[in-house]
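Coordinate analysis (summary)
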Amino acid sequence: GASAACTRDAAPAVPDGSAASLEEMKAAQQAVKAYQASSNAFLACLDAEGQAAGAEEPAEAKAARVASYNAAVDEQTDLAARFNAAVQAYKSRN
């Protein structure tokens, strides 16, 4: 299935920008960047699985792969929005 070879890391926690230290914000930025890289690798892996399966891919497997792909993209978007909000909250008090 879609998850057999492709592994997806959990999204990192985003600190409360209204209370976090500069060090916490920098650490979160690095964690977000690392997550984005691993998530992009996961998406590329899913693409490669789909290409390898081609027309032979069962509909259920394709649906699961597409759902995994879309969930990962949604999570990237959500994480970016939450981190950007934390940055704005941090900047507004510093």
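Report follows, based on the coordinates. As the structure is a computational prediction, the values presented were derived from the model and not from experiment.

Turning our eyes to something else, we now look at helix H2 (residues 59-93). Residue pairs three or four apart in sequence face the same way in an α-helix, which turns once every 3.6 residues. In a regular helix each residue adds 1.5 Å, so 35 residues correspond to 51 Å; H2 covers 51 Å between its end C-alpha atoms and thus fits that length. Every buried residue of H2 is accounted for by Arg-65, Ala-72, Gln-76, Leu-79, Phe-83, Ala-86, Val-87 and Tyr-90. In the core, the buried residues of H2 are packed alongside helix H1 (22-53).

By the definition in use, this model includes one disulfide. The side chain of Cys-6 participates in a disulfide bridge whose partner is Cys-45; the two sulfur atoms lie 2.0 Å from each other. Taking the sign of the S-S torsion, about -85° here, the bridge from Cys-6 to Cys-45 comes out left-handed. With Cys-6 in the segment before H1 and Cys-45 in helix H1, this residue pair connects regions lying 39 residues apart in the sequence.

Our next topic: the pattern of salt bridges. Here the structure, examined in full by the defined rule, presents three salt bridges. Glu-75 is the salt-bridge partner of Arg-8, the closest N and O atoms lying 3.1 Å from each other. With a gap of 67 residues between them, Arg-8 in the segment before H1 and Glu-75 in helix H2 connect regions that are remote in the sequence. The residue Arg-65 makes a salt bridge to Glu-57 at a minimum N-O spacing of 2.8 Å. In this structure, Arg-65 and Glu-57 share a single accessibility class: buried.

With that settled, consider the nonpolar core. In terms of nonpolar packing, the biggest core is built from ten residues, these being Ala-20, Met-25, Ala-28, Val-32, Tyr-35, Leu-79, Phe-83, Ala-86, Val-87 and Tyr-90. If you tally residues by element for this core, the top one is H2, at five residues. Ignoring anything within four residues of it in the chain, the contact list for Tyr-35 reads Asp-9, Ala-10, Ala-11, Pro-12, Ala-72, Glu-75, Gln-76 and Leu-79.

Reading guide: rules and limits
- Residues numbered from 1 in each chain as written.
- Predicted model: local features only at pLDDT ≥ 70, side-chain atom pairs only at ≥ 80, totals over all residues.
- Heavy atoms only, no water.
- Helix = DSSP H or I, 4+ residues; strand = E, 2+ residues; numbered from the N terminus.
- Expected span 1.5 Å × (residues − 1).
- Buried < 20%, exposed > 50% of the residue type's maximum accessible area, 1.4 Å probe, protein only.
- Contact = heavy atoms within 4.5 Å.
- Disulfide = S-S within 2.5 Å.
- Salt bridge = Lys/Arg side-chain N within 4 Å of Asp/Glu carboxyl O.
- Core = buried A, V, L, I, M, F, W, Y, C linked by side-chain atoms within 4.5 Å.

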